[in-house]
Amino acid sequence: MLGLHDLRPSSPTYGRSLTLDLGDRHEFAAVRLPAGVAYAIWCTTATVHALSSGRAIEPADEFACRWDDPGLGFAWQPADPLLSVRDARAGSLNAMRTSVAAAIR
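Here the structure is a predicted model, which is why all the values come from computation and not from measurement.

**Quick notes on the side chain of aspartate 69**
Okay, so step 1: By secondary structure assignment, the location of aspartate 69 is in the loop between β3 (37-41) and α1 (85-89).
Okay, so step 2: From its side chain, aspartate 69 meets the backbone nitrogen of glycine 71 in a polar contact 2.8 Å long.
Okay, so step 3: Apart from the residues lying within four places of it in its own chain, the contact partners of aspartate 69 are Ser92 and Leu93.

Right under this line is the structure:
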């Protein structure tokens, strides 16, 4: 599953979320996201994913919020997810919105 949330204030889809079920139908799936669209990935089986960027990624460009923040509205409910340390320590969606807004001023 891929969850997307638009953090771009000037976008007509600002604040909206979308969940895509990539399921087992695909051996390979690619999704191109514009800057300012947050994403979360939920895998129910072993998988490999790769991220790419058109420019060097700086730590200051990375923002995170809890995958299960109700404001995201993602349509998934894993019972006991395995999270990275970064994701386990992530704050709220509102805190992330504030950080993103400050970064794009």
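Further notes follow.
**Description of the sheet that holds strand β2 (residues 17-20)**
Okay, so step 1: Taken in spatial order, the three strands make up an open sheet running β2-β1-β3, and their pairing is antiparallel. Bordering the open sheet on either side are β2 and β3, each of which pairs with just one other strand. Across the sheet, the mean angle separating the axes of adjacent strands is 15° when strand polarity is ignored.
Okay, so step 2: Of the strand pairs in this sheet, strand β1 (residues 2-6) and β3 are connected by five bridges, and their pairing is antiparallel.

**Notes on the packing of aromatic side chains**
Working definition: an aromatic ring pair is given by the centre-to-centre distance plus the angle between the planes.
Okay, so step 1: Under the criterion given, the structure shown has two aromatic pairs.
Okay, so step 2: Ring geometry for tryptophan 42 versus tryptophan 76: centroids 5.9 Å apart, planes at 75°, classification edge-to-face. Of this pair, tryptophan 42 sits in the loop between β3 and α1 while tryptophan 76 is found in the loop between β3 and α1, placing the two residues 34 residues apart along the sequence.
Okay, so step 3: For tryptophan 76, a relative accessible area of 5% gives the class buried.
Okay, so step 4: What links up through ring pairs into an aromatic cluster is the set Trp42, Phe74 and Trp76.

**A few points about the nonpolar core**
Okay, so step 1: Counting 11 residues, the largest nonpolar core is built from Leu7, Ala38, Ala40, Cys65, Trp67, Leu72, Phe74, Trp76, Leu93, Met96 and Val100.
Okay, so step 2: For this core, the element with the most residues is helix α2 (residues 93-103), which contributes three residues.
Okay, so step 3: Look past the residues within four positions of leucine 93 in its chain and what remains in contact with it is His5, Leu7, Cys65, Asp69, Gly71 and Leu72.

**A few points about the environment of proline 9**
Okay, so step 1: Among the secondary structure elements, proline 9 is positioned in the loop between β1 and β2.
Okay, so step 2: Its relative accessible area of 53% is what places proline 9 among the exposed residues.
Okay, so step 3: Beyond its immediate sequence surroundings of up to four residues, proline 9 is in contact with Tyr14 and Ile104.

**Some points on the pattern of salt bridges**
Okay, so step 1: A full pass over the atoms with the stated rule returns four salt bridges.
Okay, so step 2: Between arginine 8 and aspartate 6 there is a salt bridge; the shortest N-O distance is 2.8 Å.
Okay, so step 3: For arginine 8, a relative accessible area of 27% gives the class partly exposed.
Okay, so step 4: By relative accessible area, which is 4% here, aspartate 6 ends up buried.
Okay, so step 5: The closest approach of N and O atoms between aspartate 87 and arginine 86, which form a salt bridge, is 4.0 Å.
Okay, so step 6: The partly exposed category is assigned to aspartate 87, whose relative accessible area is 30%.
Okay, so step 7: With relative accessibility at 42%, the residue arginine 86 sits in the partly exposed group.
Okay, so step 8: Because the salt bridges share partners, they merge into one network encompassing Glu62, Arg86 and Asp87.

Calculation notes
- Residues numbered from 1 in each chain as written.
- Predicted model: local features only at pLDDT ≥ 70, side-chain atom pairs only at ≥ 80, totals over all residues.
- Heavy atoms only, no water.
- Helix = DSSP H or I, 4+ residues; strand = E, 2+ residues; numbered from the N terminus.
- Polar contact = N/O pair within 3.5 Å; in protein donor to acceptor, adjacent residues only side chain to side chain.
- Contact = heavy atoms within 4.5 Å.
- Pairing = 2+ DSSP bridges.
- Axes fitted to C-alpha atoms, helices over the stretch in contact; angles between N-to-C directions.
- Phe/Tyr/Trp six-rings, centres within 6.5 Å; stacked < 30°, edge-to-face > 60°.
- Buried < 20%, exposed > 50% of the residue type's maximum accessible area, 1.4 Å probe, protein only.
- Core = buried A, V, L, I, M, F, W, Y, C linked by side-chain atoms within 4.5 Å.
- Salt bridge = Lys/Arg side-chain N within 4 Å of Asp/Glu carboxyl O.

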